[in-house]
Amino acid sequence: MLYSSEIQLPAARQRWQPLSHTLLLRHQVQLWICHLETDLAEVSGNKWLKLKYHLAAAQHEGMAGVFTFGGAFSNHLCAVAAACRQLGLTSMAYVRADKPDPANPTLRFCQQQGMQLHFVDRNSYRLRHQSDFIRRLQQQHPRLLMVPEGGSSADGARGVAGLDLATTPDGPADTIICATASGGTLAGIISRNDAAVLGIAVVKDPSLPDKVLQLLPAQQSLSRWQINTDFTGAGYGRFSPELLQFCRDMAQQRLYVEPVYTGKALNGLFSLIAAGYFPAGSRLSFFHTGGLQGLKGMHYRGLITAADLALLSGLTAG
């Protein structure tokens, strides 16, 4: 079902950024960063790619909108809320949180976009992948289409597959790299490209390879791809002072990343380059999946300073 022509959001713009670094020069590795930008910052990166077919299906089927799932500081929730408002669709989310927090900048943004929020405890939230639970929710919301957490589904992967990450401005990439948490973005990249694909996990999830396989056509399950789990650190959403400093260093080169997704994966990539993982002469393509809105939540929780928030968001000169 191809509905993309019905989507009315501004077209996404692909931008390539060459990265210069002494480590890259020493190991003779070329690194290109791929950005995907729209006029809605919250829907840039991989967010629009993973949502566009879900939202097009809601429009095509005459649904009032969508409902979805996410944590209290979820990039996905912000993207759904902003995109639905742009399209005139209703948005609703089941949020993993014991109680409302009016000061939470992520949820405040979602509500400003018109998203209806329902708060559930962690035990209830774990049911979001169970078919009986989903069926009950769909019965409660018959005019809303369910979008999986993170937009990770066959439709989400198909959206990501529309992005050419293999053709850098300087020629074909030998390896394409991205952060991976729920597997949808990685599956989409694998299904589109013949180049080797490396997902760098940012979450401790032994089932992640199986999640990716479930989203891949059978003939592509044996493609050249792998998931590296060496750089998850203390787990999802947790980061060390060293990782935060790496993100600051990248900001000095006008590459703005956060330490949960893109920054953690890019730091892991630098470690692999330093260890000689890639042969000299390699050309690498790294997908920046967005998510800078999450920096506001980190500052709200006291995990980064106001100066960090401004620097890593690109609001001050690096």
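Shown above is the structure to which this text applies.
Every value quoted in this text rests on a predicted model; they were computed, and no experiment measured them.

Reading the values: rules and limits
Residues numbered from 1 in each chain as written. Predicted model: local features only at pLDDT ≥ 70, side-chain atom pairs only at ≥ 80, totals over all residues. Heavy atoms only, no water. Helix = DSSP H or I, 4+ residues; strand = E, 2+ residues; numbered from the N terminus. Rg over C-alpha atoms; globule rule 2.2 N^0.38 Å. Buried < 20%, exposed > 50% of the residue type's maximum accessible area, 1.4 Å probe, protein only. Contact = heavy atoms within 4.5 Å. Areas by Shrake-Rupley, 256 points an atom, 1.4 Å probe, with all protein chains shown as cover. Pairing = 2+ DSSP bridges. Axes fitted to C-alpha atoms, helices over the stretch in contact; angles between N-to-C directions. Core = buried A, V, L, I, M, F, W, Y, C linked by side-chain atoms within 4.5 Å. Right-handed = clockwise from strand over helix to strand, strands pointing away. Expected span 1.5 Å × (residues − 1).

**Student:** I'd like a description of the overall build of the protein, backed by residues and values.
**Tutor:** Of regular secondary structure, the protein possesses 13 helices and 12 strands. In terms of overall size, the protein behaves like a compact globule, its C-alpha atoms giving a radius of gyration of 19 Å where 318 residues would be expected to give roughly 20 Å. Seen through its C-alpha atoms, the protein measures out along the principal axes to roughly 60 × 45 × 35 Å. Taking all 318 residues of the protein together, 54% fall into the buried category. Of the contacts formed within the protein by residues at least 6 apart in sequence, a portion of 74% connects residues at least 24 apart. When the accessible surface of the protein is totalled, it reaches about 14200 Å², and 50% of it is carbon and sulfur.

**Student:** Which residues make up the sheet that holds strand 3 (residues 65-71), and what values do they have?
**Tutor:** In spatial order, the strands read 5-4-3-6; together these four strands make up an open sheet with parallel pairing. Strands with a single pairing partner mark the edges of an open sheet, and in this sheet they are strand 5 (116-120) and strand 6 (144-146). Geometrically, the sheet is characterised by an average inter-axis angle of 30° between neighbouring strands, direction not taken into account. Across seven bridges, strand 3 lies against strand 4 (residues 90-96) in parallel orientation.

**Student:** Which residues make up unusual backbone geometry, and what are the values?
**Tutor:** Excluding glycine, a negative phi dihedral is what most residues carry, and trans is how most peptide bonds are arranged. Here the phi dihedral of Q28 falls at roughly 55°; this positive angle occurs in a residue that is not glycine. Among the secondary structure elements, Q28 is positioned in the loop between helix 1 (22-27) and strand 2 (30-37). The backbone of R254 sits at a positive phi, close to 65°, despite the residue not being glycine.

**Student:** Mind laying out the nonpolar core, listing which residues take part and the relevant values?
**Tutor:** L31, L266 and L269 are the most contacted members of the largest nonpolar core, which totals 36 residues. Those residues in contact with L269 that sit more than four places away from it in its chain are L31, I177, I200, F278, L284 and F286. Judged by nonpolar contacts, the second largest core, of 29 residues, contains A81, A83, A93 and A97.

**Student:** Which residues make up the pairing of strand 4, and what are the values?
**Tutor:** Within strand 4, five of the seven residues are buried, leaving the element largely enclosed by the surrounding structure. Assessed by its sense of winding, the connection that carries the chain from strand 3 through helix 3 (residues 75-87) to strand 4 is right-handed. The parallel pair strand 4 and strand 5 is bridged by helix 4 (residues 105-112), and the resulting crossover is right-handed.

**Student:** Report on the side chain of S285, specifying residues and quantitative values.
**Tutor:** Within the secondary structure layout, S285 lies in strand 12 (residues 283-287). Taking relative accessible area as the criterion, S285 reaches 0% and is therefore assigned buried. Ignoring sequence-local partners within four residues, the contact set of S285 consists of W16, W32, L165, T168, A173, T175, I176 and I177.

**Student:** Which residues make up the environment of F278, and what are the values?
**Tutor:** In this fold, F278 is placed in the loop between helix 11 (262-274) and strand 12. Residue class for F278 comes out buried when judged on its relative accessible area of 7%. On a C-alpha basis, the gap between F278 and L266 in space is 14 Å, while along the polypeptide they are 12 residues apart. In this view, F278 contacts V29, T175, L198, L269, L272, I273 and L284; residues no more than four positions away in its chain are not counted.

**Student:** How would you summarise helix 2 (residues 47-60) if you had to cite specific residues and measurements?
**Tutor:** Counted at 1.5 Å a residue, the expected span for helix 2 with its 14 residues is 20 Å, and the 20 Å between its end C-alpha atoms agrees. Among the 14 residues of helix 2, 12 are classified as buried, and the element is accordingly described as predominantly covered. Among all positions in helix 2, only K47, W48, L49, K50, L51, K52, Y53, H54, L55, A56, A57 and A58 are buried. Backbone geometry just after helix 2 places G62 at a positive phi near 70°.

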